[in-house]
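# Coordinate inspection notes
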Amino acid sequence: MNTKITKKRVVFTLHDFGKSFSVNDGIVFAMNHAENIATQYSLLPNGIASNQAAQIARERTDLSFDLCFTFTDFKPIGKGYKTLTDSDGYFLKANTAQWDFSVLDNYNSYEIEKEIEEQYEWFLTNVGRKPTALTTQKSEHGDPKILIPITDLAKKENIPLRTPAWQWFSNYAAQSYVEDLGLTFSNSVFVATKDWKGEHGYSLEEDVDLLISDIKNTEGISEIVVLAGFVDQELFDMSSVSWQRGEYLNLLVRKPEILKRYATEFDIISYSKI
Amino acid sequence: MKKLVIVADDFGTLPSINSGISFLYKNIPTLEISMVTKAKYSKEAATMVKEQSIQNIGIHMELLGLEDLGRPVTAKDYIKLFKEKTYEEIEKIASEELKAFETTIGKPPTHITSHKGIHGNFKLLNFIIAYAKEKNIPIRKPVTALNVELGNQNYAAEISLSRAKLKSTNYLFAHMLGNNLDKIKNAFITDLEKVNEGETAEIVIHPAFFDERLLNYSSLNYLRTRDIDLFTDQNFIDQIKKMGFKFCTYKQI
């Protein structure tokens, strides 16, 4: 009798690569650390340090980098948009404290498609290969306006997709839409950073049992998304998630046994392997 | 009125600690900054004191520093030190530290605190009480016990300080660990609810930005940036003020 037990497959992602130089430093520290269990790196195309991140991604052909589309942070890659940006050329800001993304209502669909093409081209040019998955920085592809052009691209290029959760939770219509299209995608996503001033997200350390249990209670492939990085004044001023990014790095150095629990409980894979 | 002193420890230890404390000082002008004199970056810290005209600068006494051992100092190192050294030997080391502070900063400290609360040991406490009395300097409430397995109480040190009639606070609060900001805020609010009208409290924090050097140096690393987040949150500061607290320097208590 075959008694082999198959472990649940989990993609373990470090998020926001390219957001700032201190975030890059932290993620590179993790990449090079012997205890690192991350298998996936989300690369922003338009962050302060995206070019540096792309250069690193280009060199690290052994690692799996996804293209993390950005629609409400920094400046777009494309130019001349009439509906996506403010008068200074920055993307219109969503209110993440209230999770109010109504700015997307004003976005013109053609301009969204154009910007998706621009960000995809940016990745191909700067990283020198296709992304292993398509994701969005704040899960904006939970909105059909963003989701549909991204799924079109995913289908055309045969690239997996992160589940289009909303506020990082469930989002039935969007998720079933992706399933119906027959795309390869993760089924659930868990943010393992005590973000947004502690209101959402799991702590990798303090909530280890809860997180493992919650993941095990879901079907299919799950993704753990971790915001990792060092924190300088630039990042502190820029992001509501700053010091929280230190937890994963601290675990690498001080408590690797906690990370080993995740690696033991799950089959940790990258998007390139699903 | 209730008075609250916020004290930032470890100034001088690392560049990320220096820049984090300096950043927070701009947000809390009453912030008392506690500086180490034996560390590699104490000089950088002293330069920042001059350049930013920081007035509330006290000493964070170490007796043993990173440079002495080539590694961060632990509570066990201090237990050994106090066991092996006489009163006179500890006094000599402490005296040199205070002298170094006065030379670098150009004036006596505005307060005295210590690394891991080591001034809870009479070998150090008796000496700094004498020094503080002469110069009228407040001392942090010496609540810490190095042998924590016996319970974190230090009545003998506290009563000695009290009888010396030196300035100190009625309460000392700290929450160094924990990454749920709301829980930490609530814990501080619960602490501060204990303070009665006319009493004083100190909150100890460890502000720093977070870099690789800090990560490798201390188990208390990224949570130091949490302390910056906490005390740049105007809602939290206003909540404390609404409880009847006035933010003060040590001199103002």
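Throughout what follows, the structure given in this document is the object of discussion. A quick note: this is a predicted structure, and the numbers were derived from the prediction, not measured.

## So, the overall build of chain B
For chain B, the count of helices and strands is 11 helices and 7 strands. For 253 residues, the compact-globule formula gives about 18 Å, and the C-alpha radius of gyration of chain B, at 17 Å, lands near that figure. Across its three principal directions, the C-alpha atoms of chain B cover 50 × 40 × 40 Å. Considering only intrachain contacts with a sequence separation of at least 6, the fraction spanning at least 24 residues in chain B is 74%. Working note: accessible area of chain B is about 11,100 Å², and carbon and sulfur atoms make up 51% of it. Charge-centre separation for chain B: the mean point of 34 positive side chains lies 3 Å from the mean point of 31 negative side chains.

## Let's talk about the packing of helix H6 (residues 208-216) of chain A against helix H9 (residues 256-265) of chain A
Residues and elements named next belong to chain A. H9 packs onto H6 with a crossing angle of 15° between their chain directions and a minimal axis gap of 11 Å. Our classification of the angle between H6 and H9 gives roughly parallel. The interaxial crossing formed by H6 with H9 has right-handed handedness. When H6 is examined against H9, the residues Val208, Asp209, Leu211, Ile212 and Lys216 are found in contact with a partner set consisting of Ile258, Arg261, Tyr262 and Glu265.

## Overview of the packing of aromatic side chains
In the structure shown here, the tally under the stated rule is 16 aromatic pairs over all chains. With a centroid separation of 6.2 Å and 25° between ring planes, the pair formed by Phe69 of chain A and Phe71 of chain A is classed as stacked. With respect to burial, Phe69 of chain A and Phe71 of chain A carry one shared label: buried. Ring-pair connections join several aromatic residues into one group, and the members of that group are Phe29 and Phe230 of chain A together with Phe210 and Tyr222 of chain B.

## Some details on a negative patch on the surface
Taken together, the side chains of Glu113, Glu117, Glu121 and Asp152 of chain A make up a negatively charged region of the molecular surface. For the negative patch, the element with the highest residue contribution is helix H3 (residues 109-127) of chain A, accounting for 3 residues.

## With respect to the pairing of strand S1 (residues 2-11) of chain B
All names here are of chain B. Extensive coverage of S1 is indicated by the burial of 9 of its 10 residues. As paired strands, S1 and strand S7 (residues 245-248) are joined by 4 bridges and run parallel to one another. Residue pairing across strands places Lys3 opposite Lys246, the latter belonging to S7. Across 6 bridges, the pairing between S1 and strand S6 (residues 200-205) is parallel. The residue of S6 that forms the bridge with Val5 is Glu202. Sheet analysis places S1 next to strand S2 (residues 32-35), joined by 3 bridges and oriented parallel. Each residue of the ladder has a partner; that of Phe11, found in S2, is Met35.

## A closer look at the packing of helix H8 (residues 181-192) of chain B against helix H11 (residues 234-242) of chain B
Residue and element names in this part refer to chain B. Remark: H8 packs on H11, axes separated minimally by 11 Å, with the N-to-C direction vectors making an angle of 15°. Considered as vectors, H8 and H11 are oriented roughly parallel to each other. Judged by the twist between their axes, the crossing of H8 over H11 is right-handed. Contact with H8, carried on its side by Lys185, Phe188, Ile189 and Leu192, involves Phe236, Gln239 and Ile240 of H11 and no other residues of that element.

## Brief notes about the interface of chain A and chain B
Across the boundary between the two partners, chain A contributes 22 residues, which contact 23 residues of chain B. Carbon and sulfur atoms supply 60% of the area buried between chain A and chain B, which totals about 2,000 Å² over both sides. Our count for the chain A to chain B interface comes out at 0 salt bridges. The tally of links between chain A and chain B comes to 9 residue pairs in polar contact (both at pLDDT 80 or more). Considering each element in turn, the side of chain A that touches chain B owes the most residues, 6 residues, to helix H8 (residues 246-254) of chain A. Considered class by class, the residues forming the side of chain A that touches chain B number 7 nonpolar, 7 polar and 8 charged.

## Quick word on the environment of Met1 of chain B
Residues and elements named next belong to chain B. For Met1, the location among the structural elements is in the segment before S1. Judged by its relative accessible area of 52%, Met1 is exposed. A C-alpha to C-alpha distance of 28 Å links Met1 and Pro108, two positions 107 residues apart in sequence. When sequence neighbours within four positions are dropped, the list of residues in contact with Met1 reads Glu197, Gly198, Glu199, Gly244 and Lys246.

## Brief notes about helix H2 (residues 42-51) of chain B
Residue and element names in this part refer to chain B. Buried within H2 we find Ser42, Ala45, Ala46, Met48 and Val49. Relative to the axis of H2, the buried residues are bounded by an arc of 155° and lie together on one face. Opposite the buried face of H2, at more than 90 degrees from it, the exposed residues are Lys43, Lys50 and Glu51. Against the buried residues of H2 lie S1, helix H1 (15-27), S2, strand S3 (57-61) and helix H5 (87-105). Just beyond H2, the residue with positive phi is Ser53, at close to 50°.

## A word on the nonpolar core
Formed by 160 residues in total, the largest nonpolar core has its most connected members in Phe12, Leu14, Tyr248 and Tyr262 of chain A together with Leu31, Leu63 and Phe231 of chain B. Top element by residues in this core is helix H6 (residues 122-135) of chain B. It accounts for 7 residues. If sequence neighbours within four positions are ignored, Leu14 of chain A has contacts with Ile27, Ala30, Ala38, Gln40, Tyr41, Ser42, Val226, Ala228 and Tyr248 of chain A.

## Here we look at the pairing of strand S6 (residues 222-227) of chain A
Residues and elements named next belong to chain A. Of all the 6 residues making up S6, 6 are buried; the element is thus mostly covered by neighbouring parts of the structure. Alternating residues of S6 divide into Ser222, Ile224 and Val226 and Glu223, Val225 and Leu227, and every residue in both groups is buried. Here 6 bridges tie strand S1 (residues 9-17) to S6, and the two strands are oriented parallel to one another. Counted as the bridge partner of Thr13 is Val225 from S6. For strand S5 (residues 188-191) and S6, the ladder comprises 4 bridges, and the chain directions are parallel. Bridging across to S6, Ser188 finds its partner in Ser222.

About the thresholds
- Residues numbered from 1 in each chain as written.
- Chains lettered and ligands numbered in written order.
- Predicted model: local features only at pLDDT ≥ 70, side-chain atom pairs only at ≥ 80, totals over all residues.
- Heavy atoms only, no water.
- Helix = DSSP H or I, 4+ residues; strand = E, 2+ residues; numbered from the N terminus.
- Rg over C-alpha atoms; globule rule 2.2 N^0.38 Å.
- Contact = heavy atoms within 4.5 Å.
- Areas by Shrake-Rupley, 256 points an atom, 1.4 Å probe, with all protein chains shown as cover.
- Lys, Arg positive; Asp, Glu negative; His and termini not counted.
- Charge placed at Lys NZ, Arg CZ, Asp CG, Glu CD.
- Axes fitted to C-alpha atoms, helices over the stretch in contact; angles between N-to-C directions.
- Parallel < 35°, antiparallel > 145°, perpendicular 65-115°, else oblique.
- Left-handed = near helix turned anticlockwise from the far one by under 90°.
- Phe/Tyr/Trp six-rings, centres within 6.5 Å; stacked < 30°, edge-to-face > 60°.
- Buried < 20%, exposed > 50% of the residue type's maximum accessible area, 1.4 Å probe, protein only.
- Patch = residues over 30% accessible without salt bridge, like charges linked within 9 Å, V, L, I, M, F, W, Y side chains within 5 Å.
- Salt bridge = Lys/Arg side-chain N within 4 Å of Asp/Glu carboxyl O.
- Pairing = 2+ DSSP bridges.
- Buried area = accessible area lost by both parts, 1.4 Å probe.
- Polar contact = N/O pair within 3.5 Å; in protein donor to acceptor, adjacent residues only side chain to side chain.
- Nonpolar A, V, L, I, M, F, W, Y, C, P; charged D, E, K, R; others polar.
- Arc of directions from axis to C-beta.
- Core = buried A, V, L, I, M, F, W, Y, C linked by side-chain atoms within 4.5 Å.

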